[in-house]
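Fold and contact review
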Amino acid sequence: GAEIRHHQAILAQWPLDRDAFEALSRCYTEQEEWRSLAELFRDTVRVREQGEGTLDVAGREVWARLMRDKLEDNQTCVTIMEPLVEQEMLDEASALLLMAAYREMDNVAGQFGVLEAQLMSADPTNEAEIIEQMEAFAEDHPDLSELGESILHHKVNRDPTAMGPRLALIDLYRQSRD
């Protein structure tokens, strides 16, 4: 109604007006107008990113979660989150959200890609834990031998002096040649 039009008019003039954004967001939520709420977040994220010259991680996460949870649109959720992977800006909450969307889409490569992205941006003290998660994931998908090869490459990159992963890669290459 009138309240929505009022806040839309304010945002048309001042796209980053916090009070108008919050009021409009509340109106859409109360009326369960999820598509309109998603468009509000989309527009706000775009304006923020243009102004700041960097990705709006928190805004993208809320927008993507809305697409996935309320509109059941996993593909759009993934599209919203992929720039975070590309820019190595994926935080834990975003990674979990993206992993869930890929899982629901039965996209194994996407799920493994999230783990790889986490590894690339991980603190060195967390790398071993992420590699363990990757190994467990690969065990759950034995039909995808390239996952094991990718893990071995990550292990070699992590510790170039470790002989175990190097020897395993050599064995893997010999097997693929035969």
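Below or above, wherever it landed, is the structure these notes cover. (Residues numbered from 1 in each chain as written. Predicted model: local features only at pLDDT ≥ 70, side-chain atom pairs only at ≥ 80, totals over all residues. Heavy atoms only, no water.)

Let's talk about the pattern of salt bridges
With the rule as written, the count across this model stands at 9 salt bridges. A salt bridge links R68 to E104; its shortest N-O distance comes to 2.6 Å. Taken as a pair, R68 in helix α4 (residues 57-69) and E104 in helix α6 (residues 92-104) lie far apart in primary sequence, 36 residues in all. Judged by relative accessible area, E104 falls into the partly exposed class, the value being 48%. A salt bridge links K155 to E135; the shortest N-O distance between them is 2.4 Å. A residue pair is termed long-range when its members are at least 10 positions apart, and K155 in helix α9 (residues 145-158) and E135 in helix α8 (residues 127-140) qualify at 20 residues. Put simply, R68, D69 and E104 are held in one network by salt bridges that share partners. (Salt bridge = Lys/Arg side-chain N within 4 Å of Asp/Glu carboxyl O. Helix = DSSP H or I, 4+ residues; strand = E, 2+ residues; numbered from the N terminus. Buried < 20%, exposed > 50% of the residue type's maximum accessible area, 1.4 Å probe, protein only.)

With respect to α9
The end-to-end C-alpha distance of α9, which contains 14 residues, comes to 20 Å, matching closely the 20 Å that a straight helix rising 1.5 Å per residue would cover. Of all the positions in α9, only L147, S150, I151, L152, H154 and V156 are classed as buried. Those residues of α9 hidden inside the fold are in contact with α7 (108-120), α8 and α10 (163-177). (Expected span 1.5 Å × (residues − 1). Contact = heavy atoms within 4.5 Å.)

Observations regarding unusual backbone geometry
Peptide bonds are, in most cases, trans, and in most cases residues other than glycine have a negative phi. Even without being glycine, E32 reaches a positive phi, approximately 55°. Assessed through its relative accessible area of 55%, E32 is described here as exposed. Phi at D106 takes a positive value of approximately 55°, unusual for a residue other than glycine. Mapping D106 onto the fold places it in the loop between α6 and α7. You can call D106 exposed: its relative accessible area is 67%.

Brief notes about the packing of α4 against α6
One way to put it is that α4 packs onto α6 with a least axis distance of 10 Å and a crossing angle of 30°. Here α4 lies roughly parallel to α6, going by the angle between them. The two elements α4 and α6 meet at a crossing, and its hand is left-handed. Counted together, V57, E61, A64, R65 and R68 of α4 and A93, S94, L97, A100, A101 and E104 of α6 form the full contact between these two elements. Partitioned by chemical class, the residues of the contact of α4 with α6 number 6 nonpolar, 1 polar and 4 charged. (Axes fitted to C-alpha atoms, helices over the stretch in contact; angles between N-to-C directions. Parallel < 35°, antiparallel > 145°, perpendicular 65-115°, else oblique. Left-handed = near helix turned anticlockwise from the far one by under 90°. Nonpolar A, V, L, I, M, F, W, Y, C, P; charged D, E, K, R; others polar.)

Quick notes on helix α5 (residues 74-86)
The end-to-end C-alpha distance of α5 is 18 Å, a good match for the 18 Å that 13 residues give at a rise of 1.5 Å each. The largest bend in α5 comes to about 30°, at I80, with the proline P83 one to four residues further on. What α5 keeps buried is the set N74, C77, V78, I80, M81, P83 and L84. Elements that come into contact with the buried residues of α5 comprise α4 and α6. With a side-chain oxygen lying 3.4 Å from the backbone nitrogen of Q75, the N-terminal cap of α5 falls on D73. Directly after α5, the chain includes E88, whose backbone phi takes a positive value near 55°. (Bend = angle between axes of the 7 residues up to and from the residue. Polar contact = N/O pair within 3.5 Å; in protein donor to acceptor, adjacent residues only side chain to side chain.)

Things to note about a nonpolar patch on the surface
There is a patch of nonpolar side chains on the surface, built from M163, L167 and I170 and spanning about 280 Å² of accessible area. As for its placement among the helices and strands, L167 is situated in helix α10. Classification of L167 as partly exposed rests on a relative accessible area of 48%. (Patch = residues over 30% accessible without salt bridge, like charges linked within 9 Å, V, L, I, M, F, W, Y side chains within 5 Å. Areas by Shrake-Rupley, 256 points an atom, 1.4 Å probe, with all protein chains shown as cover.)

Some thoughts on the environment of E127
Tracing the sequence through the fold places E127 in helix α8. A C-alpha to C-alpha distance of 26 Å links E127 and I80, two positions 47 residues apart in sequence. In contact with E127, not counting residues within four places along its chain, are L119, A122 and R158.

So, to be careful, I would describe these as geometric facts and stop short of saying anything about function.
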